[in-house]
Amino acid sequence: MKTFYCYCRIPELDGLRAVAVSAVVAYHLAPAYIPGGFLGVDLFFVLSGFLITSLLLDEEARTGTISIRDFYLRRALRILPPLATAIVLSLALDVASVKAAAAAFLFYANFVFRGSLAGLAHTWSLAVEEHFYLVWPLAFVVLRRRRVKVLIAVMVAAIVMRLLAPFWEISPGWSYQLTPMRADGLAIGCLAAMIPVEAPGLPALAIAVACFFFVHLENYGMLLVGTTGFALISAAAIRGARSPLLRLRPMQYIGRRSYGLYLYHFPVSLWVDRLHLGAAASICAKVLLALALTEASYRTIERWALMLKERLRSGRGSDIMLADAATTKSL
């Protein structure tokens, strides 16, 4: 796969989203069995960088310019309605405070201690991505020929900051969630879109999945440099995505609903824990409730938001709007 065309659906990327969200959900449900499932977030970061940059490159090639306003409107319509719903759900289930809701909705959750966010603790990753969405389109326009060099500098800077964190007395928890220290995964995704090279997609995907089962967050070396290595593996899996396994119906189904599933599964999980069910019954209840809420959100809120996005179409941007609706996932 030498290049990706932004104006059509790429089923393999939906499949990769399914892999990522399944890993995260499984990690939250049974961390002892999939200790590296937290790396699904890193896969999402790389996917986001790749997809957003692909869309920007496509718009630039088609129109000669980038509409920053349209970009922000599309992102807001994609991100905010499901997020607001998840926040309201968390408040209704009494698994998050009003302060946590504010942190999640205003995208500073990654600058708040995750333990205080309870059912919205997972929104730290949305904050990281939203900071990326805010800055990268502007930088993309300004940098032009220096884009690759700056992205490499961002990747190196993130690694250096994590390595220096102990000397700055920054705890591993903060190193894990602060935007500057997690920017390397997003930068690698951007570079994967800008440097179209062949990659061994299936072996890379196999290594990524193996990491879910054998990597542990408690490994400090993994936090310092391992996440960058995983991001590079993820980029190879994206660039070389060809496996028919990624195109299977269940993978496509989950991938297209991955944002909602990510949002709803965690507050639901905390609420079900209060019911004091048996281990098996608890996991079943969590999965079924999360899937039901995800499907309801997908068929109502997300489709409604998509309709609004399509109204933004114009003669110069209609193909890009279709691409955004088809391929972009925000986690």
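Numbers given to residues run from 1 along each chain, matching the order in which its sequence is written. It should be noted that, the model being predicted, local features are given only for residues of pLDDT at least 70 and side-chain atom pairs only at 80 or more, the latter also being counted only at that level, while totals for whole chains, interfaces and linings use all residues. Hydrogens and water molecules were not included; the side-chain quantities draw on all heavy atoms of the structure.

### A short note on the packing of helix α8 (residues 179–194) against helix α10 (residues 220–239)
Formally: Orientation is described by axes fitted as lines to C-alpha atoms, over the contacting stretch for helices, and by angles from 0 to 180 degrees between their N-to-C directions. We count a stretch as a helix when DSSP gives it H or I for four or more residues in a row; a strand needs E for two or more, and each element gets its number in order from the N terminus. Should an angle fall under 35 degrees it is taken as roughly parallel, and over 145 as roughly antiparallel, whereas 65 to 115 is taken as roughly perpendicular and any remaining angle as oblique. For a crossing to be left-handed, the near helix must be turned anticlockwise from the far one by less than a right angle; the clockwise case is right-handed. Throughout, a residue-residue contact means that at least one pair of heavy atoms, one from each residue, lies within 4.5 Å. In the scheme used here, Gly and all other residues not listed as nonpolar or charged are polar, with Ala, Val, Leu, Ile, Met, Phe, Trp, Tyr, Cys and Pro taken as nonpolar and Asp, Glu, Lys and Arg as charged.
Closest axis-to-axis distance for the α8/α10 pair is 9 Å, and the angle between their directions is 25°. Between α8 and α10, the interaxial angle falls into the category roughly parallel. In this structure, α8 crosses over α10, and the sense of that crossing is right-handed. Mapping the contact onto sequence places Arg 182, Asp 184, Gly 185, Ile 188 and Ala 192 in α8 and Thr 227, Thr 228, Ala 231, Leu 232, Ala 235 and Arg 239 in α10. Split by residue class, the contact of α8 with α10 holds five nonpolar, three polar and three charged.

### Remarks on the packing of aromatic side chains
Applied cut-off: Think of it this way: a Phe, Tyr or Trp ring, Trp meaning its six-membered ring, pairs with another when their centres are within 6.5 Å, and the plane angle makes it stacked under 30 degrees, edge-to-face over 60, tilted otherwise. Only protein chains enter the accessibility calculation, which uses a 1.4 Å probe. A residue is then buried if its area is under 20% of the maximum for its type, exposed if over 50%, and partly exposed in between. Only when the NZ atom of a Lys or the CZ atom of an Arg is both within 6 Å of the ring centre and within 35 degrees of the ring normal do we say a charge sits over the ring.
Counted by the stated rule, this structure contains nine aromatic pairs. Ring geometry for Phe 44 against Tyr 262: centres 6.3 Å apart, planes inclined by 75°, an arrangement best described as edge-to-face. With Phe 44 in helix α2 (residues 39–63) and Tyr 262 in helix α12 (residues 258–273), this residue pair connects regions lying 218 residues apart in the sequence. Take Phe 44: its relative accessible area is 1%, and that puts it in the buried class. Given the relative accessible area of 1%, Tyr 262 is considered buried. Considering the side-chain rings of Phe 212 and Phe 230, the 6.0 Å spacing of their centres and the 50° angle between planes classify their relative orientation as tilted. With Phe 212 in helix α9 (residues 201–214) and Phe 230 in helix α10, this pair connects stretches of sequence that are 18 residues apart. Through a chain of ring-to-ring contacts, the aromatic side chains of Tyr 27, Phe 38, Phe 45, Trp 124 and Tyr 176 assemble into a single cluster. When the ring centre of Tyr 133 is taken as reference, the NZ or CZ atom of Arg 75 above it lies at 5.4 Å. Cation over ring: Arg 147 sits above Phe 140, and NZ or CZ is 3.5 Å from the ring centre.

### Notes on unusual backbone geometry
You will see that Phe 107, though not glycine, has its phi angle at about 60°, which is positive. Note on placement: Phe 107 falls in the loop between α4 (98–105) and α5 (124–143). Even without glycine at this site, His 276 takes up a positive phi of about 55°. Along the chain, His 276 falls in the loop between α12 and α13 (279–310). What makes His 276 exposed here is its relative accessible area of 71%.

### Examining the pattern of salt bridges
Once the charged atoms of two side chains with opposite charge are near each other, the side chains can pair. As a reminder of what qualifies: The term salt bridge refers to a pairing of a side-chain nitrogen on Lys or Arg with a carboxyl oxygen on Asp or Glu at a separation within 4 Å.
All told, the structure shown has 15 salt bridges when counted by the stated rule. Here Asp 42 and Arg 182 are joined by a salt bridge, their closest N and O atoms 2.4 Å apart. Remark: Arg 182 occurs in helix α8 and Asp 42 occurs in helix α2; sequence separation between them is 140 residues. Neither Asp 42 nor Arg 182 differs from the other in exposure class; each is buried. Here the salt bridges do not stand alone but share partners, grouping Asp 14, Arg 17 and Arg 256 into one network.

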